[in-house]
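# Observations on the model geometry
In case you want the letters, here they are:
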Amino acid sequence: MNRPSMTSSINRMGSSSSTSLEAKKKKVVVLGGDGFCGWPTSLYLSDQGHDIIIVDNLSRRNIDNELGCDSLTPIASPAERVRAWEEVSGKKIKFVNLDVAKDYAELVELFKTEKPDTVVHFAEQRAAPYSMKSSKGKRYTVDNNVPGTNNLCCAIVDADRDIHVVHLGTMGVYGYGTSGGEIPEGYIDVTLPGGRESNILHPAYPGSVYHATKCLDAIMFQFYQKNDQLRITDLHQGIVWGTNTPQTIRDERLINRFDYDGDYGTVLNRFLMQGAMGVPLTVYGTGGQTRAFIHVSDTAKCIEIAINNPPKKGERVEIFNQIAETRRVRDIAGMVAERTGVEMKMVPNPRQEAAENELDVSNRKFCNLGLTPLTLDEGLFDEVTEVVQKYKHRCDPKMILPASFWNKARADECQKKMPKVEDITKDFGKSKVKNP
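Here we summarise the structure given alongside this text. All values derive from a computational prediction rather than experimental measurement.

### Quick word on the packing of aromatic side chains
A full pass over the atoms with the stated rule returns four aromatic pairs. With centroids separated by 5.2 Å and ring planes inclined at 75 degrees, the aromatic side chains of Phe223 and Tyr224 adopt a geometry described as edge-to-face. The aromatic ring of Tyr264 is capped on one face by Arg60, whose charged end is 3.6 Å from the ring centroid.

Right under this line is the structure:
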């Protein structure tokens, strides 16, 4: 079977066709713009004509050093990245090294000086496993995420600017238990005692310290909207997969990061990496967890749709469910196993979660605003597979198995039943995938 090249697969992603209430080009500050979602989003927004300023404290790169596991792809320095983008696009992106959670005065001054129309907030520790790895990981996740969001809101008030906040949240704020029906977009209709009907913020049900910080973000946003009339859009995003976008493939120096380890590697990217390397797909528990997914290129498109369709001053926090589709983990593993010829290996689940769950999610708002989301298909699988094949010499097979456990009971079970890494990786590098 002839399959498209990585370039042709990515180019099928096309460009944004969003319906815009405010379609003018804007000045956008992207907090966390050096990260897995922030970098391709920054390039996409720049490519669409927006004036982009990236703010990042490079903490994710520092965590690579802490964990002893680099991105599978060799990512260039921020200075080299923005220089390469200007060379290939003719567009400038400014980079500011600033810690949103600590450098408050500098953040206020940035808003006063640059006068952005929008701030996109990616600047949070994003991995649930890392947030459960140890007391250090738990405390860092809270100390970074919660003060960062509060500082952002305070800085907008102190700068006295009407800045629209677009925040990347997570579907995990809703929890992953059986919902008994479709999860609405942020707010849910309820009947209060006495038969009183109301529409309230959906109850929070976090499954990790990371998810708990996103729930706290949501409450913080409700307060600042009510108290200071901040204009805020909160995006509850599914699990991101894929690596490159039409912008990041234009130069080797623009390549996006690819995490494959047990802490930061998202489930589908881990499966695709394992399959490409001839390693059994490590499925946690029964694989009956149903999750929401979105391709990284659609993340960027959704951000622009949100930027172009802000709530009016005084309107409540706008909430979108930023997903393309929901799939059961074992079904996704089955797709990758069939594609790559490797087996699935059920391993003890390091997480404290239901073994099986249903997940029905509304994503009508983005679709009504023009998004045609990419769904899982082999053409886009090829893009990830080609990336893995090109950089497989950078992979450390010891990092494949989970290294973070939700509690002592999960750690004890995993210690007793988890296969040895040498058994899992004995066929490492013996890929059965045919060249596209």
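### Considering the sheet that holds strand 3 (residues 93–97)
With parallel pairing, seven strands are arranged side by side in an open sheet as 3-2-1-4-5-8-12. Edge positions in the sheet fall to strand 3 and strand 12 (318–322), since each of these pairs with one other strand and no more. Across the sheet, the mean angle from the axis of one strand to that of its neighbour is 20 degrees, orientation sign disregarded. Sheet contacts for helix 10 (residues 296–308): strand 1 (27–31), strand 4 (118–121), strand 5 (164–170), strand 8 (231–237) and strand 12; angle to strand 5, the most-contacted strand, approximately 145 degrees.

### Some remarks on the pattern of salt bridges
Evaluated as defined, the whole model comprises 30 salt bridges. As a salt-bridge pair, Arg60 and Asp64 come within 2.8 Å of each other at their nearest N and O atoms. Of this pair, Arg60 and Asp64 both sit in helix 3 (residues 59–67), separated by four residues, roughly a single helical turn. Assigned by exposure class, Arg60 and Asp64 land together as buried. The partner of Lys417 in a salt bridge is Glu413, and the shortest N-O contact between them spans 3.6 Å. Taken together, the residues span about one helical turn, with Lys417 and Glu413 both in helix 14 (residues 408–417) at a distance of four residues.

What counts and what doesn't
Residues numbered from 1 in each chain as written. Predicted model: local features only at pLDDT ≥ 70, side-chain atom pairs only at ≥ 80, totals over all residues. Heavy atoms only, no water. Phe/Tyr/Trp six-rings, centres within 6.5 Å; stacked < 30°, edge-to-face > 60°. Lys NZ or Arg CZ within 6 Å of the ring centre and 35° of its normal. Pairing = 2+ DSSP bridges. Helix = DSSP H or I, 4+ residues; strand = E, 2+ residues; numbered from the N terminus. Axes fitted to C-alpha atoms, helices over the stretch in contact; angles between N-to-C directions. Contact = heavy atoms within 4.5 Å. Salt bridge = Lys/Arg side-chain N within 4 Å of Asp/Glu carboxyl O. Buried < 20%, exposed > 50% of the residue type's maximum accessible area, 1.4 Å probe, protein only.

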